[in-house]
Amino acid sequence: MTQLFRVPNGGLIDRETAVQFAFDGKSYQGYAGDTLASALLANGVRLVGRSFKYHRPRGILSAGAEEPNALCELRGGARREPNTRMTTAEIFDGLCANSQNRYPSLNFDLLAVISLAGPVFSAGFYYKTFMWPASFWEKLYEPMIRRAAGLGRAAPAPDPDTYEKATAFCDVLVIGAGAAGIAAALAAAHTGARVILCEEDFVAGGRLHADRRQINGYAASQWADTALADLCALPNVTLMVRTAVVAVYDGGTYAALQRVSDHLITPLPHQPRQRLWRIVAKHTVLAAGAIERPLVFGGNDKPGVMLAGSVRTYINRFAVRPGTRAVVFANNDDAARTVADLAESGITVVAFIDPRPAASEFLRASLATSRVPLITGVVDHASGFSKLSAVHVRTENGKLETLSCDLLAMSGGFMPNIHLTTHLGGKPVWQGDVAAFVPGTLPPTMLVAGAATGEGGLAAGIAQGARAGADAAHSAGFVPVQFPAAITVLCTDDDALGFAPLWHVDGRGKAFIDFQNDVTATDVKLAAVEGFRSVEHLKRYTTLGMATDQGKTANVNGLALMAEITERTIAQTGTTRFRPPYAPVAIGALAGHHRGAHFRATRLTPTHAWATGQGAVFTDAGQWKRAQYFPAAAETDWLDATIREVRSVRASVGICDVTTLGKIDIQGADAAEFLEHVYTNSWKNLAIGRARYGLMLREDGFVLDDGTTARLSDDRYIMTTTTANAARVFQHLEFCRQVLWSGYDVHLISATEAWAQIAVAGPRAREVLRKLIDPAYDISNEAFPYMAAGEVTLCGGVMGRLFRLSFSGELAYEIAVPARFGQALAEALMAAGDEFSITPYGLEALAVMRIEKGHAAGAELNGTTTAHDLGLAKLLSRKKDFVGRVMAERPALTDAARPGLVGFRPLDTTARVRGGAQFLPPTADATAANAQGHVTSAAFSPHLGQWIGLGLLTNGATRHGEVLRAYDPVRGNDTQVEIVPPVFYDVQGTRLHG
């Protein structure tokens, strides 16, 4: 028989739906509605893992996301998922779970011998040991430590499942669907506000399903079901279970992880495993409840030692007896409810151990009803090996009594779950009367209600939630209404609030504070002795609170002990920062669809289909697919195609898609002033209908990007950037707009994808365009000269923009139309240029022509060059300030000895030089010390009939005519080259002005 520890009736499980699952290769049975933890407990499994450092036997401590012990690997193969909390994992047919951090098996772990060497592995042991000999670290010490310690194994193959990202907007976000959260959602929803209620559990209701409480004469669980049904019936409410809000960001933005299919063996078709939500809320109510604290005493980590509130959860929600013979050790009256529930479920309660000198009347009455003896004292230590067998109690008169038991329910009070209140820098505040950190400065538009405030009981929590929900909705612009009946007149049973702090019992054995990192009370004492008394030093020296649970069950006990040792208050000692995420998030969820080919989504130009039909060979240009060259029927080599394309453009006309150039629409009364600051040259004097070349620097004085910007009207400009730097430039401009000059009336829109843009270059370019541009627009050389720009219509009224720009050194234009007309524009240009043998050309031909013309591009704008290096120092205005001006004038950046832009050509006209070759003196040894620069770009020039290129050379501007070696050790070339000016073609610029 299985499930021998299942209570015959009750709970939220579906006893009609049996579920078969396996743990460490052994088959078990549970019910729908079970977690892996509850199902294992129902089957009598107490040992579920081994501790991180000492490999001590560990059992289930809690029943929620704060669980530090019961971590396992779920599934297998490519779907293997390590470090999953058994307390939150729902069971399903075919579930395969395995314990982790043990060898060779859970029951017989050879690495448990480490526990015998506990003094060696104390806090900071890795800083003090394994230091000699140094060569042993990589060969012996590190592999040994990694084998001994670790939290699960990654999957051996790519994850076959998918993950999604989504965005939701609401007026009020409620975090936590316990009593306070339900009340807040109801109050807000009845004002008409859009409400999203997020609950990380797969059942909403929180502790209303875990405790036997009364609300308005009904069971608390029944009240929760009724209230949730009312919520779900409202069209403006979205209830999201299995959804943990894990991070808070600026602007009312929250990250939430939804476990869409984690409760299934494989996701349903077209469903992700998990979905990461970006929730944007006008106002928020945090009703995340509180986390029960463990007590710190010797052996408090043994399987069978559990949190008292979690014991009630397993009994009442999951109908499971966590043991047969129990002792309760608590410093508060709330644990009296555990006694009553234990007795009601048929578990023998041996005693209630209370460290307080005088028990409250509530506690005495409760114990009398259950006929459980009260012992004033503390648990000195617990004993047992793979599971708890006894606790040893030190009574108030100093005697040591042994109580036989297999379950110890402990409670050290409650810590408000305030993690999300601190993610924007808010600091918690220590509140002595509740002995807990409570919310301090909250994120903007956030309110806190219920147990997360650290105050009040059930009735007070519901009232707080209702008020917070109504206030949040009112702040979002909705008129408060009368509270719905479910949260108006409330009568609950008595709240048990009596409490006295107990931070540490100085007894026998290891007393654990942080279960997940094996941090003991002794480790905290050692940190204090060795000077690591700051909370941040304590955290890093001992690893206290550094695990995946962010110190949920450990932090306060550790900080309180340090305060006691250093004779400070807990408020003076302080607390460390909680950082997002609140709960672990799979990397797959963070990536979403951005994996494999979708990691950087392929972007196609509007003419991609047309170029494919022309036989184009494509290459990757960032995320874009761009035509590299268009081979003719008889051409088998890319160079032959490139030479033909260049000659066609130089002789007649060609077209090239330049859509991928960044296009940024800049508008506003201060647009010109803004450009003055971000560009190095002047812009206020740019006439409407004209374009200008511009240079942009980073704040450190190095070149960020170059491009042209056209002025279309008094307050509107169109900026173009290089393809590679389009996103980077836009980010830079937004930083300047929002931070450096936030008072300017200027707005930016990235319009790269909105417009298809095609370059038309060559002596016949104007004749081709004249056939397309509507007659109302004069594009003659006099009316539309070089660097002219303006809006036009073409082909009988299609809106477009025309720019007289040239990257090829020829008469050239760039014509832009809305992206949907891109392919039609390419086809129309080809038809118009048919009589001139118009030729499409790709990136290779474009690169050849720009090198012949001496234009610096991506290889030269590599993030390490300055305006002086590129021969563009004249663009650095002396009459104004701009980003990077001061830093650009540093002596090291203006030194004439810096590598400057030069051209070169091999002395042997048949020799080929490639990018990356190093410039060396003719007789110098081929060493890095003798290198004086390098080749940045190289190409075969049809104009000169040989290979040429551009490069950066020390004192380059003064070395024209000098002969050097272009040494390329990677490809085995060593070629003599002559250094020449960087412009090889049409030096006077007469062709582009024609």
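Residues numbered from 1 in each chain as written. Predicted model: local features only at pLDDT ≥ 70, side-chain atom pairs only at ≥ 80, totals over all residues. Heavy atoms only, no water.

Caption draft 1: Main features of the overall build of the protein chain. For the protein chain, the helix and strand inventory stands at 23 helices and 49 strands. Expressed as lengths along the three principal axes of its C-alpha atoms, the size of the protein chain is roughly 105 × 75 × 55 Å. When the 994 residues of the protein chain are sorted by exposure, 56% land in the buried category. Taking contacts inside the protein chain between residues at least 6 apart in sequence as the whole, the part at least 24 apart equals 67%. Accessible area for the protein chain stands at about 40300 Å²; split by element, carbon and sulfur atoms hold 55% of it. Charge centroids of the protein chain, computed over 94 positive and 95 negative side chains, lie 3 Å from each other. (Helix = DSSP H or I, 4+ residues; strand = E, 2+ residues; numbered from the N terminus. Buried < 20%, exposed > 50% of the residue type's maximum accessible area, 1.4 Å probe, protein only. Contact = heavy atoms within 4.5 Å. Areas by Shrake-Rupley, 256 points an atom, 1.4 Å probe, with all protein chains shown as cover. Lys, Arg positive; Asp, Glu negative; His and termini not counted. Charge placed at Lys NZ, Arg CZ, Asp CG, Glu CD.)

Caption draft 2: Structural view of the nonpolar core. Within the largest apolar cluster, 52 residues are counted, with the highest numbers of intra-cluster contacts made by F23, L36, L40, M86, Y314, L342 and F352. Each residue touching L40, except ones within four places of it in the same chain, is listed here: F21, F23, Y28, V45, R46, V48 and M86. By size, the runner-up hydrophobic cluster in this structure holds 39 residues, among which are V172, A220, A224 and A473. (Core = buried A, V, L, I, M, F, W, Y, C linked by side-chain atoms within 4.5 Å.)

Caption draft 3: Summary view of the state of the cysteines. Enumeration according to the criterion identifies 0 disulfides in this entry. Unpaired in terms of disulfides, C232 finds its nearest cysteine sulfur in C198, a separation of 13 Å. (Disulfide = S-S within 2.5 Å.)

Caption draft 4: Representation of the environment of L276 within the structure. Mapping L276 onto the fold places it in strand β15 (residues 274–286). Each C-alpha atom of the pair L276 and G592 lies 7.6 Å from the other, and the pair is 316 residues apart in sequence. Not counting chain neighbours up to four residues away, the residues in contact with L276 comprise E164, K165, A166, A256, L257, A589 and L590.

Caption draft 5: Expanded view of the packing of helix α10 (residues 521–529) against helix α12 (residues 555–565). Orientation of α10 relative to α12, taken along the N-to-C sense of each, is 45 degrees, at an axis distance of 10 Å. Judged by the inter-axis angle, α10 sits oblique to α12. Of the two elements, α10 crosses α12, and the hand of that crossing is right-handed. Together, A521, V524, K525, A527 and A528 of α10 and G558, L561, M562 and I565 of α12 make up the contact between the two elements. (Axes fitted to C-alpha atoms, helices over the stretch in contact; angles between N-to-C directions. Parallel < 35°, antiparallel > 145°, perpendicular 65-115°, else oblique. Left-handed = near helix turned anticlockwise from the far one by under 90°.)

Caption draft 6: Focus on empty space enclosed by the protein. In total, this model carries 6 cavities of 30 Å³ or more according to the counting rule given. Size it by volume and the largest cavity reaches roughly 150 Å³. Along the walls of the largest cavity sit 18 residues, with T607, A627, F630, C656 and D657 positioned nearest its centre. For the lining of the largest cavity, the secondary-structure elements that each account for two or more residues are α15 (608–613), β32 (624–629) and β33 (654–657). Its residues assigned to classes, the lining of the largest cavity shows 12 nonpolar, 3 polar and 3 charged. (1 Å grid on protein atoms, 1.4 Å probe; cavity = no way out; pocket = protein on both sides within 12 Å on 5 of 7 lines; lining within 4 Å. Points joined across faces, edges and corners; volume = space filled by probe spheres on them. Nonpolar A, V, L, I, M, F, W, Y, C, P; charged D, E, K, R; others polar.)

Caption draft 7: The arrangement of the pattern of salt bridges in detail. Throughout the structure, instances matching the rule amount to 48 salt bridges. Ionic pairing is found between D161 and R273, a salt bridge with its closest N-O pair at 2.7 Å. You can see D161 sitting in the loop between α3 (136–148) and β8 (163–175) and its partner R273 sitting in the loop between β14 (253–258) and β15, a full 112 residues away along the chain. Exposure remark for D161: the relative accessible area of 4% places this residue in the buried category. Judged by relative accessible area, R273 falls into the buried class, the value being 3%. For R603, the salt bridge identified is with E753, shortest N-O distance 1.9 Å. Of this pair, R603 sits in strand β30 (residues 603–604) while E753 sits in the loop between β38 (747–750) and β39 (755–761), and the two are 150 residues apart along the sequence. Classification of E753 by relative accessible area gives partly exposed; the value is 45%. One connected set of salt bridges, linked through shared partners, spans R56, R58, D301 and D518. (Salt bridge = Lys/Arg side-chain N within 4 Å of Asp/Glu carboxyl O.)

Caption draft 8: Just the sheet that holds strand β5 (residues 71–74), in detail. Strand order in the open sheet made by the 5 strands is β2-β1-β7-β5-β6, with mixed pairing throughout. Looking at the sheet topology across the chains shown, the edges are occupied by β2 (26–32) and β6 (81–85). In this sheet, adjacent strand axes meet at a mean angle of 40 degrees when their direction is disregarded. Across 3 bridges, β5 lies against β6 in antiparallel orientation. When the sheet's bridge partners are listed, C72 is paired in β6 with T84. (Pairing = 2+ DSSP bridges.)

Caption draft 9: Looking closely at the sheet that holds strand β31 (residues 617–621). Strand order in the open sheet made by the 3 strands is β30-β32-β31, with mixed pairing throughout. Edge positions in the sheet fall to β30 and β31, since each has one partner strand and no second. Pairing of β30 with β32, which is carried by 2 bridges, proceeds in the parallel orientation. Considered in β32, the bridge of R603 is made with W624. Contacting β31 and β32, helix α21 (residues 843–853) crosses the sheet at an angle of about 70 degrees to β32.

Caption draft 10: Just unusual backbone geometry, in detail. Between Y103 and P104 the backbone carries a cis peptide bond, its omega angle lying at 0 degrees. The residue P104 is located in the loop between β7 (95–99) and α2 (125–128) in this model. At the junction of P580 and P581, the peptide bond is cis and its omega measures out at 5 degrees in the coordinates. With respect to the secondary-structure elements, P581 resides in the loop between α13 (570–573) and α14 (587–591). Residue R75 is not a glycine yet carries a positive backbone phi of 60 degrees. The phi angle at H270 is positive, at roughly 65 degrees, despite the residue not being glycine. You can see H270 is positioned in the loop between β14 and β15. The exposed category is assigned to H270, whose relative accessible area is 80%.

Caption draft 11: Quick look at a nonpolar patch on the surface. Together, Y103, F108 and L110 make up a nonpolar patch on the protein surface, roughly 330 Å² of accessible area in all. With respect to the helices, strands and loops of the structure, F108 is situated in the loop between β7 and α2. (Patch = residues over 30% accessible without salt bridge, like charges linked within 9 Å, V, L, I, M, F, W, Y side chains within 5 Å.)

Caption draft 12: Structural context of the pairing of β7. The alternating pattern of β7 places L95, A97 and S99 on a buried face and C96 and N98 on a face that is not buried. Pairing of strand β1 (residues 14–23) with β7, which is carried by 3 bridges, proceeds in the parallel orientation. Across the sheet, A22 pairs through a bridge with C96, a residue of β7. Examined bridge by bridge, β5 and β7 share 3 bridges and lie antiparallel to one another. Residue pairing in the sheet places E73 in a bridge with N98 of β7.

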